[in-house]
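# Structural overview
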Amino acid sequence: MSEDTRFAALVLPHLDAGYNLARWLARNPHDAEDVLQDACMRALKYVGSLRGSDARAWFLTIVRHTFYDWRKRNHPPEMVPDDGAAGDLTVDPSAIDPEQAALRSAESRLLSEAVAQLPLVFREVLILRELEDLSYKEIAHVVGIPIGTVMSRLARARGLLQRSPLLHAFCAERAEVNHELSSS
Amino acid sequence: MNCHRVEALVSPYADGEVGVLLRHSIERHLRSCAACAAKHRDLLALRARLRAEATYFKAPPELRTRVLALLADARAPTPARPGPQPDRWRWLVGGALAGCAATVLAWVVGSAVVDWRANQGLAAEAVAIHTRAVLSDRLIEVASSDQHTVKPWLSARLDYSPPVRDMTNEGFALIGGRLDTLDKQLVATLVYRHRQHTIDVFVRPESTNAPSTLRVVRGFTVARASGFGMDWLAVSDVSPDVLTAFVERLARADASQ
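Everything in this summary refers to the structure shown in the same document. (Residues numbered from 1 in each chain as written. Chains lettered and ligands numbered in written order. Predicted model: local features only at pLDDT ≥ 70, side-chain atom pairs only at ≥ 80, totals over all residues.)

### Some words on the overall build of chain B
When helices and strands are counted, chain B shows seven helices and seven strands. Secondary structure elements of chain B, listed N to C terminal, follow the sequence α-α-α-α-α-β-α-β-β-β-β-β-β-α. Across the 257 residues that make up chain B, the buried fraction comes to 29%. For chain B, contacts bridging at least 24 residues in sequence account for 54% of all contacts bridging at least 6. (Helix = DSSP H or I, 4+ residues; strand = E, 2+ residues; numbered from the N terminus. Buried ≥ 20, exposed ≤ 12 C-beta atoms within 10 Å, placed from the backbone. Contact = placed C-beta atoms within 7 Å.)

### A word on the pairing of strand β6 (residues 220–227) of chain B
Residue and element names in this part refer to chain B. Among the eight residues of β6, seven are classified as buried, and the element is accordingly described as predominantly covered. Examined bridge by bridge, strand β5 (residues 214–217) and β6 share four bridges and lie antiparallel to one another. Bridge pairing in β6 links Val-216 to Thr-221. Turn length for the β5-β6 hairpin, with the two strands adjacent in sequence and antiparallel, is two residues, and the turn residue Arg-218 shows positive phi of about 50°. Relative to strand β7 (residues 230–236), β6 runs antiparallel, the two sharing seven bridges. (Pairing = 2+ DSSP bridges.)

### Notes on the interface of chain A and chain B
With 31 residues of chain A at the interface, the matching set in chain B holds 31 residues. Among the elements of the structure, α1 (3–11), α2 (15–26), α3 (29–46), α5 (100–116), α6 (120–131) and α8 (147–162) of chain A are those that each provide at least two residues to the side of chain A that touches chain B. In terms of residue class, the side of chain A that touches chain B is made up of 17 nonpolar, five polar and nine charged. (Nonpolar A, V, L, I, M, F, W, Y, C, P; charged D, E, K, R; others polar.)

### Remarks on the nonpolar core
Core analysis: the largest hydrophobic core is formed by 56 residues, its most contacted members being A:Ala22, A:Leu36, A:Ala43 and A:Val63. Top contributing element to this core by residue count: α3(A), with seven residues. Those residues within four positions of A:Ala22 in sequence are excluded, and the remaining contacts are A:Ala32, A:Val35, A:Leu36, A:Val63 and A:Phe67. Grouped together as the second largest cluster of nonpolar side chains are 32 residues, B:Val201, B:Trp232, B:Ala234 and B:Val235 included. (Core = buried A, V, L, I, M, F, W, Y, C linked by C-beta atoms within 7 Å.)

Take it as geometry only, folks, not as evidence of what the structure does.
Below is the structure:
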């Protein structure tokens, strides 16, 4: 099988997974598209060395590497530290619709926002686990860290999320709105 | 096992990533310690929310097109270095070849995509029903581990009688059933528990010869099989190989009691 046929058969089915990871790492669609396109070029070049089993984890590894290279080129870490505070979220309580359905989607948006604000090292393991459904072993392989580190980073990522002011702010809002709705 | 140790392990435990001995000790502790059990529940709730609500970004169509073009470039034979004067014919031939390559590629990818698409809508709908059911308190309408209770309940409400089997012996405990609307059709849903995972199995009369297929939608696995003249569609967050083996086992005719 030639390289391009292999690419079409093995990598193309995972284009969404690759984009999802790039999008969560880069946190904006523009950069994510650049990273993914670059990653596809690399994947096309090296697809001959992909043996057997897991094309998805293999492609995600490439996407992650490409992102880190891109980040080094474009944002020297000392200039833009990824402390997770770079998200441009504004919570406007007046924008919250009293309808339950709207509440639910606002709540989901805040959840995504809270994930986007996690520091990069925690964000990547969380995305690989919860959205790409990789096992600890696969995550260790993609990120290039020991399984024990995967375990501790995931636990920390979840702890940070549970304590995220974004989620708590919203719960308080909702309690208030619910209270108003029920009393009116 | 003490609370301190359980606290350190509750996250990998919620992921099903601790060994069997450790798992038993943790389970024992969670049964007796309300505080740790609450932490575990919070963690499961967070996981369920992330899987159901965190945005899964799909590759935009333009990006897909660009990647396909990249591939078409790779397919077209690299033209020999043009001579000193521009060679119009080379460009034309090159373009034509690239065009052919793109057409062939589109056909190869297209035929794979058609099959993929055909089931994608159904899979997405099944996952939506599953997550809604798990998050709400409508997971089960008839709660019983007894197949002889669940089956008549379902048969009485449908115009067909789905085969119902408890698979506790194989690690999949039947915990009940309910009715759902899937693909504009009223279907029987069997609910199983495997470790801490909930599995929904939608059972409906086989309309077409559904192939055994597998999808992953937003981190949930959808596995499908046919047997007993039924179409079996299982949805869960267990690993794809476990779910495929389970649904194929359920649908296999020789496994009937």
